[in-house]
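Single-letter residue listing:
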Amino acid sequence: MIVAYFWTITPSRIPFALVAMGIDRIFLRASKNVGFFKSLGTGKGETFTPADANTLRWGLIAQVHDIDAFDQSFVVKQWRKNSVSEFRAVLEPISSHGQWAKQEPFIATAKDWTGSVAAITRARIKWHQNFRFWSSVPPVTMSLKSAPGLIAAIGIGEAPIGLQGTFSLWESGDAIKNFAYKGAAHQKAIADTSTYQWYSEELFARFAVRDTRGSINS
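Residues numbered from 1 in each chain as written. Predicted model: local features only at pLDDT ≥ 70, side-chain atom pairs only at ≥ 80, totals over all residues. Heavy atoms only, no water.

**A word on the overall build of the chain**
Check the secondary structure of the chain and you find six helices and eight strands. In the chain, buried positions account for 49% of the 218 residues. Long-range contacts, defined as pairs at least 24 residues apart, comprise 75% of the intrachain contacts of the chain with a sequence gap of at least 6. Only carbon and sulfur atoms are counted for the fraction: they give 56% of the accessible area of the chain, which is about 10900 Å². (Helix = DSSP H or I, 4+ residues; strand = E, 2+ residues; numbered from the N terminus. Buried < 20%, exposed > 50% of the residue type's maximum accessible area, 1.4 Å probe, protein only. Contact = heavy atoms within 4.5 Å. Areas by Shrake-Rupley, 256 points an atom, 1.4 Å probe, with all protein chains shown as cover.)

Written out as structure tokens, the structure is:
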């Protein structure tokens, strides 16, 4: 199962967050309960430039065997102790295309899901394509914000530039399909991606939302 956390912190806890981003991976790699994982910074998801960064919200996505045990792990408890709010979503992959860090971490197991859906889009942008990519993003993000069926969307990233993505929650699978395949701005972005080949790696995955705790908008 996949679990996604997003924590909101106060400005005084930014030093903790910066240190934790480096140290957490040591504990996560050593855990037999954890498979694939990524510690994440977040942003507004509007331009996907460094100006988007939100230093008061941080995230973690992990494939785990025992969710309850992971929820009480040292890494999660330290974030919980240093945050003012926590959102957790338990996810089961519906589909996944592409790679993340040269891995295919999300194996589809959910079938015939009719409930709410989470989506992760993530890409490694070629350095020489950054400016062209940034110029094409605003129309897509504006259409995303007004997309019917969208519950929330957060920009996610592993680095200030070059490694960017979005975590979003939708009321249904049909809602995200309509945005992805019928929206004019998104269709143009897909066409531009084919024309300019600006990604060196990309991934798009959808998940059944099995459980949530907390508010993603806090």
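Resuming the write-up.
**Describing the pairing of strand β4 (residues 85–98)**
The side chains of a regular strand alternate, first on one face of the sheet and then on the other. Most of β4 is tucked away: 11 of the 14 residues are buried. For strand β1 (residues 2–8) and β4, the ladder comprises seven bridges, and the chain directions are antiparallel. Within β4, the position partnered with Ala4 by the bridge is Ala89. (Pairing = 2+ DSSP bridges.)

**Points about the pattern of salt bridges**
Tallying each qualifying case throughout the model produces seven salt bridges. Note that Asp211 is salt-bridged to Arg88, the shortest N-O span being 3.2 Å. In this pair, Asp211 sits in strand β8 (residues 199–213) while Arg88 sits in strand β4, placing the two residues 123 residues apart along the sequence. Taken together, the shared-partner salt bridges connect Asp71, Arg80, Glu86, Arg88, Asp211 and Arg213 into one network. (Salt bridge = Lys/Arg side-chain N within 4 Å of Asp/Glu carboxyl O.)

**Overview of the packing of helix α1 (residues 14–30) against helix α3 (residues 74–81)**
Packing of α1 against α3 brings their axes to within 10 Å, and their N-to-C directions diverge by 165 degrees. Here α1 lies roughly antiparallel to α3, going by the angle between them. Between α1 and α3 lies a crossing of left-handed hand. Along the contact surface, α1 presents Phe16, Ala17, Ala20, Asp24, Phe27 and Leu28, while α3 presents Phe74, Val75, Gln78 and Trp79. Split by residue class, the contact of α1 with α3 holds eight nonpolar, one polar and one charged. (Axes fitted to C-alpha atoms, helices over the stretch in contact; angles between N-to-C directions. Parallel < 35°, antiparallel > 145°, perpendicular 65-115°, else oblique. Left-handed = near helix turned anticlockwise from the far one by under 90°. Nonpolar A, V, L, I, M, F, W, Y, C, P; charged D, E, K, R; others polar.)

Any functional reading would require information beyond the geometric quantities listed.
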